[in-house]
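What the coordinates show
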Amino acid sequence: LTIDQNKIGSLTDIETKNSVILISDEKEKPFANLERIIKGYVLRIVPYKESNLIVTLLTEAGLETFMARGVLKPTNKNASSCQLYTYGEYQLSYKTDGSNHTLMSGIALKTLTKLYENLKYSALLGLLSECILKNDDFEEPYIVFDTVFNHLYDDKCNFATIIAVVLKLNALYAGCNLEADSCVRCGSNKSIYSVCFDEGGLICSSCARELHIYEKSPSYIKNFRYVVKANIEHIDKFERDPIVSKS
């Protein structure tokens, strides 16, 4: 076995009678760190170790997850940007292979202060967040959440109307869409008499007698139809009737 000492560099040739073996003394280079800035809403935070959070952010491009180190410490400058349902701007560091997203800095651009004054706001956004997180086929989640958030932020419309739209979305993605065009039992679109949530929608007079269901007023049925059919783009055009709100 002879070693050629004239070879210079990171590779050394070890010559044998039958072969040449190349030995490298270079270690594999780690992936370099890159940076990018994204904006979005904090939908979920999960504590990790003593002072870290795993944050799930809803952006226009979809869901993003990153590690926010030390944000549970009282003096951390990024703590406010990682609160639930905050809309913020986040500078992330990550590897060239797309892994290990870590928060470098965050700025809270919008915070819904009403969350701390009224639990209804927190419960409503929590319900919508869970619906988005659990349904991969949720259509235009950013537009829906952004619309609801800004209506709550600006007090633009009736709170009961927003609840109706969010509940409708949850029912839809849970596979519980209510029938609002015809009788849910016999299919007739004549003599609509009442609404039965146990049956799943509108009930005609004949079926109502069989089920011993009380009659609902025409205004109630009209509002029921509107609520069931309303989508997020209708949120500015309709205020739910107080009678329907109580039900």
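As a starting point, this report considers the structure included with it. (Residues numbered from 1 in each chain as written. Predicted model: local features only at pLDDT ≥ 70, side-chain atom pairs only at ≥ 80, totals over all residues. Heavy atoms only, no water.)

1. Some thoughts on the layout of surface pockets
Here is the rule we go by: Within this scheme a cavity is a closed region of a 1 Å grid, computed over the protein atoms alone, that accommodates a 1.4 Å probe without allowing it to escape, whereas a pocket is open but has protein on both sides within 12 Å along at least five of seven lines; lining residues each have an atom within 4 Å of a point. Grid points are joined across faces, edges and corners, and a volume is the space filled by probe spheres set on the points. Following the grouping adopted for this structure description, the nonpolar residues are Ala, Val, Leu, Ile, Met, Phe, Trp, Tyr, Cys and Pro, the charged ones are Asp, Glu, Lys and Arg, and the polar ones are all others, Gly among them.
A volume near 210 Å³ is recorded for the second largest pocket. Contributing to the lining of the second largest pocket are 13 residues, with Glu139, Val144, Leu169, Asn231 and Ile232 lying nearest its centre. For the lining of the second largest pocket, the class distribution of residues is eight nonpolar, one polar and four charged.

2. A few points about unusual backbone geometry
The criterion, for reference: In this text, helices come from DSSP runs of H or I with a minimum length of four residues, and strands from runs of E with a minimum of two, each type numbered from the N-terminal end.
Its identity as a non-glycine residue notwithstanding, Lys49 has a phi of 60 degrees, on the positive side. Within the element layout of this structure, Lys49 appears in the loop between β4 (33-48) and β5 (52-59). A positive phi angle, close to 65 degrees, is found at Tyr85, a residue other than glycine. Mapped onto the elements, Tyr85 comes out in the loop between β6 (62-68) and β7 (87-95).

3. Here's the deal with the packing of aromatic side chains
Defined as follows: The rule is short: rings of Phe, Tyr and Trp, with Trp giving its six-membered ring, pair when the centres are within 6.5 Å, and they are stacked under 30 degrees, edge-to-face over 60, tilted in between. Only when the NZ atom of a Lys or the CZ atom of an Arg is both within 6 Å of the ring centre and within 35 degrees of the ring normal do we say a charge sits over the ring.
Going through the model one piece at a time under the given rule, you end up with ten aromatic pairs. A centroid spacing of 4.8 Å and a plane angle of 45 degrees characterise the contact between Tyr41 and Tyr87, whose relative ring orientation is tilted. Taken as a pair, Tyr41 in strand β4 and Tyr87 in strand β7 lie far apart in primary sequence, 46 residues in all. With 4.9 Å between their ring centres and 55 degrees between their planes, Tyr41 and Phe149 make a pair best called tilted. Here Tyr41, found in strand β4, pairs with Phe149, found in helix α2 (residues 141-154); they are 108 residues apart in sequence, far enough to count as distant. Through a chain of ring-to-ring contacts, three or more aromatic side chains come together here, namely Tyr41, Tyr85, Tyr87, Tyr142, Phe145, Phe149 and Tyr153. The ring of Tyr94 has Arg36 lying over it, and the distance from NZ or CZ to the ring centre is 5.6 Å. One residue, Lys110, lies across the ring of Tyr153, its end atom 5.0 Å from the ring centre.

4. Observations concerning the nonpolar core
Spelled out, the test is: Buried Ala, Val, Leu, Ile, Met, Phe, Trp, Tyr and Cys residues that are joined via side-chain atoms within 4.5 Å together make up what is termed a nonpolar core. Three labels apply to residues, based on accessible area from a 1.4 Å probe with only protein chains included: buried if under 20% of the type maximum, exposed if over 50%, partly exposed otherwise in between. The contact rule is simple, with two residues in contact once any of their heavy atoms fall within 4.5 Å.
Of all hydrophobic cores here, the largest spans 28 residues; its most connected members are Leu125, Leu128, Phe145, Val148 and Leu152. Among the elements of the structure, β4, α1 (119-134), α2 and α3 (159-173) are those that each provide at least two residues to this core. Per element, the largest residue contribution to this core is seven residues, and it comes from α1. Setting aside residues no more than four positions away along its own chain, Val148 makes contact with Leu124, Leu125, Leu128, Ile162, Val166 and Ile232.

5. Some thoughts on α1
Three or four residues apart is the spacing at which side chains of an α-helix point the same way, because the helix has 3.6 residues per turn. Here is the rule: Every helix has an expected span of 1.5 Å times one less than the residues it contains. N or O atoms within 3.5 Å of each other form a polar contact, as long as, within protein, one can give a hydrogen and the other can take it, and as long as residues adjacent in sequence are counted only when both atoms are side-chain atoms.
Here α1 is 16 residues long and its end C-alpha atoms lie 22 Å apart, about the 22 Å a rise of 1.5 Å per residue gives. Within α1 the residues assigned to the buried category are Tyr121, Leu124, Leu125, Gly126, Leu128, Ser129, Cys131, Ile132 and Leu133. On its buried face, α1 is in contact with β4, β5, β6, α2 and α3. With a side-chain oxygen positioned 2.9 Å from the backbone nitrogen of Lys120, the residue opening α1 is Asn118.

6. Comments concerning a negative patch on the surface
Cut-off, in case you're wondering: Candidates for patches are residues over 30% relative accessible area with no salt bridge; among them, like charges are joined within 9 Å and nonpolar side chains (Val, Leu, Ile, Met, Phe, Trp, Tyr) within 5 Å. Using a 1.4 Å probe, the Shrake-Rupley method yields the accessible areas, and only the shown protein chains count as cover for residues. The term salt bridge refers to a pairing of a side-chain nitrogen on Lys or Arg with a carboxyl oxygen on Asp or Glu at a separation within 4 Å. We treat Lys and Arg as the positive residues and Asp and Glu as the negative residues; His and chain ends play no part in the count. We put the charge of a Lys on NZ, of an Arg on CZ, of an Asp on CG and of a Glu on CD.
Side chains of Asp136, Asp137, Glu139, Glu140 and Glu233 sit close together on the surface and give a patch of like negative charge. Positionally, Glu139 belongs in the loop between α1 and α2. A relative accessible area of 59% places Glu139 in the exposed class.

7. Observations concerning the environment of Ala68
The residue Ala68 is located in strand β6 in this model. Excluding residues that lie within four positions of it along the chain, Ala68 makes contacts with Ser51, Asn52, Leu53, Val55, Cys82 and Leu103.

8. Some remarks on the pattern of salt bridges
Considering all chains together, one arrives at five salt bridges under this definition. Residue Arg36 pairs with Glu64 through a salt bridge whose shortest N-O separation is 2.8 Å. Of this pair, Arg36 sits in strand β4 while Glu64 sits in strand β6, and the two are 28 residues apart along the sequence. For Lys39, the salt bridge is made with Glu89, and the minimal N-O distance between the two is 3.8 Å. One end of the pair, Lys39, is in strand β4; the other, Glu89, is in strand β7, and 50 residues separate them in sequence. Residue Lys39 is classed as partly exposed on the basis of its relative accessible area of 41%. Glu89 gets classed as partly exposed once you look at its relative accessible area, which sits at 25%. Taken together, the shared-partner salt bridges connect Arg185, Glu199 and Glu210 into one network.

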